[in-house]
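Remarks on the overall topology
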Amino acid sequence: MELGSKSLRKVAVIGRGTAGSLAAASVTRLHPESDYELHHIYDSRIPVIGVGEGSWPSLVHELRRLTDLPHETIQRRLKGTRKYGVAFEGWGAPAGDFTHFFLPQRVSYGYHLSADLLADLLHESTRARHIDAKVLDITRVEGGALVECEGMAPERYDLVFDARGFPRELHPDRHIEMSFIPTNSAVIRRCPAIVEEEGEGPVQQHTYTRAVARPHGWIFVIPLTIHTSYGYIFNRHVSGLAEVEADFDAFLEAGSVPQWEQRAVIPFPNFVHRRMYDGAVARIGNAAAFMEPLEATAIVSAQLQIGMVLRTRLHRPAKYVERDAATVSRFLVDNVLRYGLFVGWHYSRGSRHDSEFWRYARDRAWPRYRQTADPEAVGCDVLRKFDDMIELLNRPVIDKADWIRMCGVPLTSYAQISRGLGC
Ligand SMILES: Cc1cc2nc3c(=O)[nH]c(=O)nc-3n(C[C@H](O)[C@H](O)[C@H](O)COP(=O)(O)OP(=O)(O)OC[C@H]3O[C@@H](n4cnc5c(N)ncnc54)[C@H](O)[C@@H]3O)c2cc1C
């Protein structure tokens, strides 16, 4: 039987954000044949989001594999610091401070990284023809897809990675909206670095993403060696931008942050595309799914999407492409919903702020999770998997055989959050 790699002669990656850059470098690295074509298409007039600055440990290993550079070099190139987990401040009931560590605790780390520098690094490891053009349409054709760019004749590809960022609008037929996640907007500011490089080596200091509960939502603090990134995550239907900005000012002032630069105000959807991959077109990154950045699930999701699609497409027999696509797509949708339930659950116990936002988050948004994740509505049994994790946590003794259980993230992560929130 002919392997999929033999029939994967022409690949397009659309988009040069984190997701598109990861996909282009992955195709370069993983395609076992030498005589294939890779076109990396992006419109330089459409900016990337550029705020994916927190990651999981899997990215550390993935970047080493994709670039062939030593870890130390990669970290310095990314102006990165080592992220050992997320430090929550003022979450839960009774409200308190706790850390969600990557495990093994204080050993395993991801990066805090500059998203722009990550794309540059990945480009150096990509062999592709670069095309600066606006994609107008992608249409399925027998065994592949046609990509139509502005001012150019349509071109046919065997596989297209669509990494064009957030969809313009959500449509219930195509998207599942995770309405149990209570936030939908971010104000991003940049402040001077609080962690600095010393000498030749990478910064080894342990750092954590701070997630600080505030009256209108929460603020992330991500330390890089070139700047510190701050983001106020809130719900624009519950709080006005002016009151969010005023509270942001107060937070920075209380932290003695001397100066800051306003970078962006970003509305975002919490959603997953029902069909991420159809055998010829794979939606990845923010085009496929997104949820608020509380647990930095976007880059790790893009890694999984790209890895699953490429590996099955390259290494499974070509005749199984359509069948594999349905399975891969289902798996990826299920995985995003698991992340979504894990993230939404963080709001279930409120916070130290008895404000309109937190009452909305705890009493109105989160309770929708059962209806949203109902198997009839989402086509998978993610709700049962999530319930199973909560049931495990409530047992007086957790059997050793269950320690390795996961629902998006490992049982150990659920245990840390449960304890931290006071569940
Ligand atoms: C507030 C906030 C904080 C975040 N924090 C984190 C975090 O800590 N960790 C994390 O993992 N993720 C985080 N993310 C998610 C992060 O944004 C994404 O992981 C990352 O940016 C992936 O984006 P993307 O590549 O899918 O899309 P984008 O960055 O939007 O890139 C889209 C690309 O497509 C191109 N394009 C668009 N339309 C066309 C067209 N018609 N033709 C040609 N090219 C086109 C654009 O030019 C661009 O190159 C955060 C997101 C937000 C909103």
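Above this note sits the structure.
Residues numbered from 1 in each chain as written. Predicted model: local features only at pLDDT ≥ 70, side-chain atom pairs only at ≥ 80, totals over all residues. Heavy atoms only, no water.

**Quick notes on the sheet that holds strand β6 (residues 129-132)**
Strand order in the open sheet formed by five strands is β6-β2-β1-β10-β18, with parallel pairing between adjacent strands. The open sheet has two edge strands, β6 and β18 (281-283), and neither has a second partner. For this sheet, the mean angle separating the axes of adjacent strands, direction not counted, is 20°. Note that strand β1 (residues 10-14) and strand β2 (residues 37-42) share five bridges and pair parallel. Looking at the pairing, K10 lines up with E37 of β2. (Pairing = 2+ DSSP bridges. Helix = DSSP H or I, 4+ residues; strand = E, 2+ residues; numbered from the N terminus. Axes fitted to C-alpha atoms, helices over the stretch in contact; angles between N-to-C directions.)

**So, helix α2 (residues 57-67)**
Among the residues of α2, P57, L59, V60, E62, L63, L66 and T67 are the ones counted as buried. Next to the buried residues of α2 lie α1 (18-30), α3 (71-77), β5 (110-112), α4 (115-124) and α6 (298-315). Positive backbone phi, approximately 65°, marks D68, located one or two places after α2. (Buried < 20%, exposed > 50% of the residue type's maximum accessible area, 1.4 Å probe, protein only. Contact = heavy atoms within 4.5 Å.)

**Some points on the side chain of S351**
In this structure, S351 sits in the loop between α7 (321-345) and α8 (356-365). Judged by relative accessible area, S351 falls into the buried class, the value being 14%. A polar contact of 3.0 Å, which involves the side chain of S351, links it to the backbone nitrogen of H353. A distance of 3.5 Å separates a polar atom in the side chain of S351 from a polar atom in the side chain of W358. Aside from chain neighbours lying at most four places away, what touches S351 is G90, W91, G92, A95, A213 and W358. (Polar contact = N/O pair within 3.5 Å; in protein donor to acceptor, adjacent residues only side chain to side chain.)

**A look at the environment of G15**
The residue G15 is located in the loop between β1 and α1 in this model. Looking at G15, the relative accessible area reads 9%, which means it is buried. Once the C-alpha coordinates of G15 and D363 are considered, the two residues, 348 residues apart in sequence, prove to be 38 Å apart. Not counting chain neighbours up to four residues away, the residues in contact with G15 comprise G20, S21, H40, I41, Y42 and A163.

**Some details on the site of the ligand**
Taken together, 29 residues surround the ligand, and among them R16, I46, G54, V135 and I299 come closest. A distance of 3.2 Å separates an oxygen atom of the ligand from a polar atom in the backbone of T18. Contacts to the ligand include A19, whose backbone N or O atom sits 3.0 Å from an oxygen atom. About the coverage of the ligand: the protein hides 95% of its 990 Å² of free accessible area. Residues belonging to the shell around the ligand are distributed by class as follows: 16 nonpolar, eight polar and five charged. (Near = heavy atom within 4 Å. Areas by Shrake-Rupley, 256 points an atom, 1.4 Å probe, with all protein chains shown as cover. Nonpolar A, V, L, I, M, F, W, Y, C, P; charged D, E, K, R; others polar.)

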